[in-house]
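# Understanding the architecture of this molecule
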Amino acid sequence: MGDCENSATHVLVTGGAGYIGSHTCVSLLEAGYRVTIVDNFSNAKPSVIDDINSIAGTNVALYTLDLRDKAALERCFDDNKFDAVIHFAGLKAVGESVAKPLEYYDNNLIGTIALLDVMKRSGVKRLVFSSSATVYGVRNPVPFSEEGAELSPINPYGWTKAMIEQILRDLAASDPEWSICLLRYFNPISAHPGGRIGEAPDGVPNNLVPYVADVAAGRREKVYVFGDDYDTPDGTGVRDYLHVVDLAEGHIAALEYAREHTGAEAINLGTGVGYSVLEIIHAYEKACGHAIPYQVTPRRPGDSAFCYADTAKAQRLLGWKAKRGLAEMCEDSWRFAKNLAANTKLYNNT
Ligand code: NAD
Ligand code: WQD
């Protein structure tokens, strides 16, 4: 990572109350940035703002609004002079996007277009966007590389990311003043080491690690392993799991890169290392100190055997590399899961 920008740099973080956004706000504040959050709290709890402030020992400004409410967004931009935007806000559940495609296209695309229009009118042309490895679909060879990939998502959620990437590339081509990083995250997991913020999905978790954490904490009976007949070393799916604090730091590296480079660049954020479902369960057992029951079930539709990143571009352009290994990811996740289980009043999600 290069030298940090000066403390006057003011960053608008859309979706800053969410899982990745809240960790990124903490990292930004700790690095001396000024932060304003926009969030509609459709998938976050207002108490997260107090947690962010308490961890970072400072105060973020908050605008509770939906990005599609352009008049409210314009007022937010009128009140402030932002230097850059990190755009996390969006819906992200793959299965839900198949059931409710219009909601996903409406929220993710219309929200983004409203944001870009207000940014353009305000002369704010530096943007870091949350894309996803899901844009690589199943037709590209692993490890997934940014160069030469044919974007072929296999669900509406993934298409919203691929479409927004295209909109951003077209925008950068139309006006050479834009600086845009399209960050393709692999599998973000874990939590801030303080155990106060982390991933707390409503209802039954869709993703592996929150589910394993629930089982470890005694909130669910066993983990269902979706298939053990893949062509992988132990037959279970292999993914590139990334500590959310490493991911947060990747956003600061991207902000700094975008300060000095115009155009639109797609960049993978992953570790380049793949772990299987069973390896995750066993690493988590070490972190929590007891066995985690599991049962193998049929494959989940749409899943692939392998997904992991070619990380060379992130290292070359951003000088960023994930630092935290699997044991640390599981320990930090477990600390947060224990707090969550102990504090059902605050997070009464199940
Ligand atoms: P999250 O749901 O925890 O955070 C998203 C935040 O955006 C929430 O706080 C939600 O309330 C807010 N939001 C949603 N729509 C909004 C709107 N129209 N206006 C204002 N606020 C709105 O999700 P996350 O895991 O932190 O993901 C952040 C971003 O990263 C998303 O765009 C997601 O698609 C992308 N991403 C996530 C993962 C992952 O595994 N978590 C992987 C790849 C990409
Ligand atoms: C990981 C592995 C499952 C749950 C998803 C999105 C992707 C991105 C990250 C946003 C797979 C297996 C899972 C369970 C299991 N999000 N599994 N039992 O599918 O790699 O990626 O999140 O952009 O777009 O698709 O993550 O955590 O759901 O699954 O066996 O209860 O764990 O089959 O091999 P995935 P995941």
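Residue numbers here run from 1 along each chain, matching the order of that chain's written sequence. Written order decides the labels, with chains lettered from A and ligands numbered from 1. Confidence filtering applies because this is a predicted model: local features only for residues at pLDDT of at least 70, side-chain atom pairs given and counted only at 80 or more, and all residues used for totals across whole chains, interfaces and linings. Heavy atoms throughout the structure, all of them, feed into the side-chain values; hydrogens and water do not.

### Brief notes about the confidence of the model for the protein
Averaged over the protein, the pLDDT score is 95; the fraction of residues at 70 or greater is 96%. Taken as a whole, residues 345-350 scores under 50 in pLDDT and shows 14 contacts with residues more than four places along the chain or in a different chain. Think of pLDDT as the predictor's per-residue confidence, scored from 0 to 100. Note on definitions: a residue-residue contact is assigned when non-hydrogen atoms from the two residues lie within 4.5 Å.

### Some thoughts on the sheet that holds strand E9 (residues 238-239)
If DSSP finds at least two bridges between two strands, the strands pair. Where helices and strands are cited, they refer to DSSP runs of H or I of at least four residues and of E of at least two residues respectively, numbered from the N terminus. Pairing is mixed in the open sheet, where three strands are placed in the order E12-E9-E14. Looking at strand neighbours, the two that pair on one side only are strand E12 (275-276) and strand E14 (306-307), the edges of this open sheet. Pairing between E9 and E12: two bridges, direction antiparallel. When the sheet's bridge partners are listed, Val 238 is paired in E12 with Ser 276.

### Examining the packing of helix H7 (residues 208-216) against helix H11 (residues 326-342)
Axis geometry follows a simple rule: fit a line to the C-alpha atoms, using only the stretch in contact for helices, then measure angles between N-to-C directions, giving values from 0 to 180 degrees. Between H7 and H11, the least distance of the axes is 10 Å, while the angle of their chain directions is 55°. One element, H7, and the other, H11, form an angle in the oblique class. Crossing hand, H7 versus H11: right-handed. Residues Val 209, Ala 213 and Ala 216 of H7 pack against Ser 333, Trp 334 and Ala 337 of H11. Throughout this description, any angle smaller than 35 degrees is read as roughly parallel, any larger than 145 degrees as roughly antiparallel, any in the 65 to 115 degree range as roughly perpendicular, and the remainder as oblique. Helix crossings fall into two classes, left-handed where the near helix is turned counterclockwise from the far one by less than a right angle and right-handed where it is turned clockwise.

### Section: the site of ligand 1
Close contacts around ligand 1 come from 26 residues, with Ile 20, Asp 39, Asn 43, Phe 88 and Tyr 157 the closest. Any pair of nitrogen or oxygen atoms within 3.5 Å is treated as a polar contact; in protein, a donor-acceptor pairing is required on top of that, and neighbouring residues in sequence qualify only through side-chain atoms on both sides. Within the contact set of ligand 1, an oxygen atom lies 3.2 Å away from a backbone nitrogen or oxygen of Gly 18. Contact between ligand 1 and Tyr 19: an oxygen atom at 2.8 Å from a main-chain N or O atom of the residue. The Shrake-Rupley method, run with a 1.4 Å probe, gives the accessible areas here. Residue values count only the displayed protein chains as cover. Out of a free accessible area of 810 Å², ligand 1 has 95% covered by protein chains. Within the residue set of the shell around ligand 1, elements represented by two or more residues are helix H1 (19-30), strand E5 (126-132) and helix H6 (156-174). The element that contributes the greatest number of residues to the shell around ligand 1 is E5, accounting for three residues. Throughout this entry, Asp, Glu, Lys and Arg are counted as charged residues, while Ala, Val, Leu, Ile, Met, Phe, Trp, Tyr, Cys and Pro are counted as nonpolar. The remaining residues, Gly among them, count as polar. Looking at the shell around ligand 1, its residues break down into twelve nonpolar, ten polar and four charged. Here a residue is near a molecule or strand as soon as one of its heavy atoms is found within 4 Å of it.

### Structural notes on the state of the cysteines
Defined by distance alone, a disulfide is two cysteine sulfur atoms within 2.5 Å. According to the stated counting rule, one finds zero disulfides in the structure shown. Free cysteine: Cys 330, not disulfide-bonded; nearest cysteine sulfur from Cys 288 at 9.1 Å. Throughout this description, buried means an accessible area under 20% of the type-specific maximum (1.4 Å probe, protein chains only), exposed means over 50%, and partly exposed covers the range between. Under the relative-accessibility criterion, Cys 330 is labelled buried at 3%.

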